[in-house]
Amino acid sequence: MKRSYKNIVLVLVVFVILITGIVALVINLKSRENKHYTVVTSNFASYDFARAVTGDAAEVKMLLKPGAEAHDFEPTPEDIIDIKNADLFVYIGGESEEWIEKILESNNISPNKTLELMDEVELIEEEDSYSTEEAEYDEHIWTSPKNAIMIVQRITDKLAEINPQKVDEYTNNANKYVERLSKIDEKFQEIVSNASKNELIFGDRFPFLYFVREYGLKYTAAFPGCSEQTEADAATIARLIDRAKATNTKVILKIELTSDKIAKTIAETVGATVMEFSAAHNVSKADFEKGVTYADLMEQNTKVLEEALR
Ligand SMILES: [Zn+2]
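Criteria and cut-off values
Residues numbered from 1 in each chain as written. Predicted model: local features only at pLDDT ≥ 70, side-chain atom pairs only at ≥ 80, totals over all residues. Pairing = 2+ DSSP bridges. Helix = DSSP H or I, 4+ residues; strand = E, 2+ residues; numbered from the N terminus. Axes fitted to C-alpha atoms, helices over the stretch in contact; angles between N-to-C directions. Domains from an automatic or database assignment. Contact = placed C-beta atoms within 7 Å. Nonpolar A, V, L, I, M, F, W, Y, C, P; charged D, E, K, R; others polar. Core = buried A, V, L, I, M, F, W, Y, C linked by C-beta atoms within 7 Å. Buried ≥ 20, exposed ≤ 12 C-beta atoms within 10 Å, placed from the backbone. Expected span 1.5 Å × (residues − 1).

Across the sheet, four strands lie side by side as 2-1-3-4; this open sheet has parallel pairing. With one partner strand each, in any of the chains shown, strand 2 (59–62) and strand 4 (114–116) form the two edges of the open sheet. On average, adjacent strands in this sheet sit at an angle of 20° to one another, irrespective of strand direction. When strand 1 (residues 38–41) meets strand 2, the two strands line up parallel, connected through four bridges. Note that in strand 2 the partner of Thr 41 across the bridge is Met 62.

According to the domain assignment, the protein chain contains domain 1 (38–128 + 135–185) and domain 2 (191–308). Inter-centroid distance (C-alpha atoms) of domain 1 to domain 2 is 25 Å. With 28 residues of domain 1 at the interface, the matching set in domain 2 holds 25 residues. Of all the secondary structure elements, the ones that give two or more residues to the side of domain 1 that touches domain 2 are helix 2 (44–54), helix 5 (145–162) and helix 6 (167–194). Residue composition of the side of domain 1 that touches domain 2, by class: 14 nonpolar, seven polar and seven charged.

The next subject is the nonpolar core. In summary, soluble globular proteins display a tendency toward joint burial of nonpolar side chains. Within the largest apolar cluster, 73 residues are counted, with the highest numbers of intra-cluster contacts made by Phe 49, Val 53, Val 90, Val 152, Ile 155, Ile 252 and Leu 253. By residue number, the principal contributor to this core is helix 2, which donates seven residues. Sequence-distant contacts of Ile 252, defined by excluding residues within four places in its chain, comprise Ile 201, Gly 203, Ala 244, Ala 263, Ile 266, Ala 267, Ala 272 and Val 274.

Our focus in this paragraph is helix 5. The end-to-end C-alpha distance of helix 5, which contains 18 residues, comes to 26 Å, matching closely the 26 Å that a straight helix rising 1.5 Å per residue would cover. By the burial criterion, the buried members of helix 5 are Pro 145, Asn 147, Ala 148, Ile 149, Ile 151, Val 152, Ile 155, Thr 156, Lys 158 and Leu 159.

Right, here's the structure in full:
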């Protein structure tokens, strides 16, 4: 009698241990499934691509404040904490983001949790770097929709490694976005092949090297790349006016979130209009709150390109 009582107790203890183990395992799996994944991104383009892939399956933060100048960015201590805590940090790399390498190093952030987009596409040398010994690569890789497609696919692969439970969701989201970007790419090709002109006049900086190389376009711009210069000298204005007259253009372009002063001066002289061609470094606060996407900006750009090459 005593012996069988002992046996019952033993069976019960084993049973309780087993149940506890199973419950703990289920809770663990559940919490991993519901873990709140965070992706931190640097500029608007990287933010948009990460947001398109994750959809509702992660929180995506942009370090750059909406409306702010992308090339003057300096991280706050909170930004550095966000980068450290992120499941994935997506950034462009290059000159404007040199500060990132230092932060990743000094905080021992694992390369498994970071994705430098300039490592993922074929790079083009800056046009103003021929005189320097070391070639500087232009950082505006995302201005080519073909690169944007490659970047979306790489972000998807990286997120699938980090959070394999959501791989189907990421892949579906990415496929939808890639389909839209492919249509935009086709539209740009169509516009360029049907156009009577092939040169763009920018009364502004020029972050579109990847874009013009992709579609075989020529350009004349006030400043190369994203030069820090904002005031054009008389010779620069004269050079742009000459090119605008020679190409008989009806549109002088400017980029997003910059002054239209130079473009306006040229446009008034040659009887053209100023139009914005977005490089998607950033968007205004209002557009950010509206949820404007890179694809929206590029669709708008197709309309502007059509006018500029007419
Ligand atoms: Zn730039």
